[in-house]
Amino acid sequence: MARKRILTGDRPTGKLHLGHYVGSLVNRVRLQDEYECFFIVADLHTLTTRPEKEHIDALRQNVYDVVLDYLAVGIDPARSVIYLQSAVPAVYEMNLLFEMLVTVNRLQRVPSIKEMARAANLNDETLPLGLLGYPVLQAADILMPRAHLVPVGKDNEAHVEITREIARRFNYLYGEVFPLPDVMVGEVPSLIGTDGQAKMSKSLGNAIFLSDDAKTVNRKVTGMYTDPKRVSADIPGTVEGNPVFAYHDAFNPNLSEVDDLKTRYRLGKVGDVEVKEKLARALNAFMDPIRERRATYETQKGLVEQVIYEGTLRASKEGEETLKAMRKAMGLTGLWNRISRKARESQPAS
């Protein structure tokens, strides 16, 4: 029996961080043997908010960094398909066809679109059609390999629901072509940033990157937001909602140490310095193997490019098969075949 398929990926806007790991990467690595995995480097999606030439020029390095992070965390190109979105022709055509199956009103209700527009300082007058249609392009990404499961962060859950609606609508109108993909949200659905104000984000400067060295991790952890009411170590502190303890829960495997720190923190018997020092130690122990693998892959000239090239060829082949099934179900193939046959028949004999 053929394995079910996974599709997920990232926009190449820079190196990946701990939020990406807990939100999706950990599930991708874990599920490689159980599912047939397709991991997209979604460069077309960056154009929705960054269409300027300088941002497109930066994609070369950003794509390289994202794929290097994939390899470093344990995604194996021998078991998974890593590919470049813009180099798969089927995605463009599928996006166009799917746009006919969803309303503007439905897209305007997607919460993350409003958030992305606000972050890019866009309003009703300047909002590009491409950003409004972001979930439709995501549907094309997900349905191109006919994926059954989508490991995502909490903020992308609504996008997958749009994909399910489009797949359901297509199947209703034309016949069963697509599975209805399910969502898999990580055990830590959203990781708050080091500033304690918003989720971890490259653009907000509150991220710890998977490639950060130990010294950088120590510095970022030292500056992390904690309980603002706790001005000295002997004052009982709040653990719930405290970013430092959220990171301990996510990355410190020494559960007895974490429980002890929480107990003493609530009683005012441990300072933030000790809590942060132990967190930095746990994070660096977690990140050391990732950093070592990244450094090893980085020395292998042409490796990343070869991984992307081979994966994109495979993805393009899958896209062609999916488009073929779509056109046949819709009747578009039959229409062109009839026209071309009639045209050939009407040509005078030479």
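Residues numbered from 1 in each chain as written. Predicted model: local features only at pLDDT ≥ 70, side-chain atom pairs only at ≥ 80, totals over all residues. Heavy atoms only, no water.

## What about a positive patch on the surface?
A grouping of Arg 338, Arg 341, Lys 342 and Arg 344 is seen on the molecular surface, where their side chains present a positively charged patch. Within the fold, Lys 342 resides in helix 15 (residues 332-346). Judged by its relative accessible area of 55%, Lys 342 is exposed. (Patch = residues over 30% accessible without salt bridge, like charges linked within 9 Å, V, L, I, M, F, W, Y side chains within 5 Å. Areas by Shrake-Rupley, 256 points an atom, 1.4 Å probe, with all protein chains shown as cover. Salt bridge = Lys/Arg side-chain N within 4 Å of Asp/Glu carboxyl O. Lys, Arg positive; Asp, Glu negative; His and termini not counted. Charge placed at Lys NZ, Arg CZ, Asp CG, Glu CD. Helix = DSSP H or I, 4+ residues; strand = E, 2+ residues; numbered from the N terminus. Buried < 20%, exposed > 50% of the residue type's maximum accessible area, 1.4 Å probe, protein only.)

## So, the packing of helix 8 (residues 134-143) against helix 9 (residues 157-174)
It is the contact of helix 8 with helix 9, at a shortest axis distance of 9 Å, that shows an interaxial angle of 70°. Overall, the two elements helix 8 and helix 9 adopt an arrangement that is roughly perpendicular. The chirality of how helix 8 crosses helix 9 is right-handed. Residues Tyr 134, Pro 135, Val 136, Gln 138, Ala 139, Ile 142 and Leu 143 of helix 8 form the contact with helix 9, whose participating residues are His 159, Val 160, Ile 162, Thr 163, Ile 166 and Ala 167. Looking at side-chain class alone, the contact of helix 8 with helix 9 contains 10 nonpolar, 3 polar and no charged residues. (Axes fitted to C-alpha atoms, helices over the stretch in contact; angles between N-to-C directions. Parallel < 35°, antiparallel > 145°, perpendicular 65-115°, else oblique. Left-handed = near helix turned anticlockwise from the far one by under 90°. Contact = heavy atoms within 4.5 Å. Nonpolar A, V, L, I, M, F, W, Y, C, P; charged D, E, K, R; others polar.)

## Topic: helix 6 (residues 111-119)
Taken residue by residue, helix 6 has Ser 112, Ile 113, Met 116 and Ala 117 as its buried positions. Around the axis of helix 6, the buried residues are gathered within 140° of arc, so they sit on the same side. Structural note: helix 6 exposes Arg 118 and Ala 119 on the side pointing more than 90 degrees away from its buried face. Packing partners of the buried residues in helix 6 comprise helix 5 (104-108), helix 7 (129-132), helix 8 and helix 9. At the exit of helix 6 stands Asn 121, carrying a positive phi of roughly 60°. (Arc of directions from axis to C-beta.)

## Things to note about the packing of aromatic side chains
Each pair of aromatic rings is reported with the distance of its centres and the angle of its planes. Per the counting criterion, the structure on display carries 8 aromatic pairs. Pairing Phe 98 with Phe 170 gives two aromatic rings, centres 6.5 Å apart and planes at 85°, and the pair type is edge-to-face. With Phe 98 in helix 4 (residues 89-99) and Phe 170 in helix 9, this pair connects stretches of sequence that are 72 residues apart. Side by side, Phe 98 and Phe 170 carry an identical accessibility label, which is buried. Pairing Tyr 247 with Phe 251 gives two aromatic rings, centres 6.5 Å apart and planes at 55°, and the pair type is tilted. (Phe/Tyr/Trp six-rings, centres within 6.5 Å; stacked < 30°, edge-to-face > 60°.)

## Points about helix 4
Three or more residues of helix 4 are buried, namely Ala 90, Val 91, Met 94, Asn 95, Leu 97 and Phe 98. Check the buried side of helix 4 and you find it contacts helix 2 (43-46), helix 8, helix 9, helix 14 (303-330) and helix 15.

## Notes on the nonpolar core
Ranked by internal contacts, the top residues of the largest apolar core, which has 48 residues, are Leu 18, Tyr 70, Ile 82, Ile 208, Tyr 247 and Leu 283. Those elements that provide at least two residues to this core are helix 1 (18-30), strand 2 (36-41), helix 3 (53-73), helix 10 (214-222), helix 11 (243-251), helix 12 (255-267), helix 13 (272-298) and helix 14. Element by element, the count of residues in this core is highest for helix 3, at 8 residues. In contact with Ile 82, other than residues within four places in its own chain, are Phe 39, Val 41, Val 67, Tyr 70, Leu 71, Ile 75, Val 307, Ile 308, Gly 311 and Thr 312. Of all hydrophobic cores here, the second largest spans 43 residues; its members include Leu 44, Val 81, Val 102 and Met 116. (Core = buried A, V, L, I, M, F, W, Y, C linked by side-chain atoms within 4.5 Å.)

## Comments concerning the pattern of salt bridges
On inspection of all chains with the given rule, the structure shows 23 salt bridges. Between Asp 33 and Arg 79 there is a salt bridge whose closest N-O contact spans 2.8 Å. With a gap of 46 residues between them, Asp 33 in the loop between helix 1 and strand 2 and Arg 79 in the loop between helix 3 and strand 3 (80-84) connect regions that are remote in the sequence. Among the residues examined, Asp 33 registers a relative accessible area of 55% and is labelled exposed. We classify Arg 79 as partly exposed; its relative accessible area is 34%.

## Focus on the packing of helix 12 against helix 13
It is the contact of helix 12 with helix 13, at a shortest axis distance of 11 Å, that shows an interaxial angle of 165°. When the interaxial angle is binned, helix 12 and helix 13 end up roughly antiparallel. Crossing of helix 12 over helix 13 shows left-handed handedness. Contacts between helix 12 and helix 13 pair Glu 257, Leu 261, Arg 264 and Tyr 265 from the former with Asp 272, Glu 274, Val 275, Lys 278 and Arg 281 from the latter. Looking at the contact of helix 12 with helix 13 residue by residue, the class counts come to 3 nonpolar, no polar and 6 charged.

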